[in-house]
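# Understanding the architecture of this molecule
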Amino acid sequence: MPAPQDGPLLDDAAGRLIRPYTVSNGRTRPTTVLDLLSLVMATGNAPRAHLGPEHTVALELCGGPTSVAEVAAHLRLPAVVTKVVLSDLVDCGAITAHAPAFHDTPTDRSLLEAVLDGLRRQL
């Protein structure tokens with residue numbers, strides 16, 4: 001799978017060649033409700049519509065369950081634009097999206113303290 005930076009979407013000197021609002025055709029609201037932690041995965045069905053290069057790269061990234069945040073990072077696009085791209089793929093049947101699973105059990109305080117200590121050591 002080619003990395004997004006290897007294609008025509010980015011240029012080392014100029015940066016992103018296509019503005020994010022162009023990728024989403026100026027749309028700012030996805031048709032599918034997606035959270036940054038929502039998991040998206042390819043269905044194996046070919047898209048029923050012509051899609052742009054970002055859609056193609058996003059679809060390639062969804063071979064296994066992948067979070068919306070991961071796709072946005074790989075595409076180097078703002079989260080809202082990535083959500084529009086992914087909702088286009090959901091609408092045409094190329095991927096499925098599932099909301100993140102949250103548990104009602106409280107988070108272990110010692111785990112949170114360990115994470116905080118680890119973050120402090122990194123800074």
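Below: a short report on this structure.

Conventions used here
Within every chain, residues take consecutive numbers counted from 1 along the sequence as written. For this predicted model, a pLDDT threshold of at least 70 governs which residues receive local features, and a threshold of 80 or more governs which side-chain atom pairs are given and counted, while totals over whole chains, interfaces and linings are taken from all residues. Only heavy atoms go into the side-chain values, all of them from the structure, while hydrogens and water stay out. Among buried residues, the Ala, Val, Leu, Ile, Met, Phe, Trp, Tyr and Cys ones that are joined through side-chain atoms within 4.5 Å form a nonpolar core. Think of it in three bands: with a 1.4 Å probe and only protein chains considered, a residue is buried below 20% of the maximum accessible area for its type, exposed above 50%, and partly exposed in between. Secondary structure counts use DSSP, requiring at least four H or I residues in a row for a helix and at least two E residues in a row for a strand, with both numbered from the N terminus. The contact criterion used is simple: two residues touch if any of their non-hydrogen atoms lie within 4.5 Å. Here a strand pair is declared whenever DSSP counts at least two bridges between the two strands.

## Topic: the nonpolar core
By size, the foremost hydrophobic cluster in this structure holds 18 residues, and its most contacted members are Val40, Ala58, Val71, Leu75, Leu86 and Leu89. Those elements that provide at least two residues to this core are helix H2 (53-61), helix H3 (68-75) and helix H4 (79-91). Broken down by element, the residue count for this core peaks at four residues, all from H4. Excluding residues within four positions of it along the chain, valine 40 makes contact with Leu34, Cys62, Gly64, Pro65, Thr66, Val68, Val71, Leu86, Ile95, Thr96 and Ala97.

## Focus on the sheet that holds strand S4 (residues 66-67)
With respect to topology, three strands assemble into an open sheet ordered S4-S3-S5, the strand pairing being antiparallel. The sheet is open, and its two borders are formed by S4 and strand S5 (95-98), each paired with just one other strand. Sheet analysis places strand S3 (residues 39-42) next to S4, joined by two bridges and oriented antiparallel. Residue pairing for S4: leucine 39 is matched across the bridge by serine 67.

## Quick word on unusual backbone geometry
In this structure, arginine 76 takes a positive phi of about 55 degrees despite not being glycine. Relative to the helices and strands, arginine 76 is located in the loop between H3 and H4.

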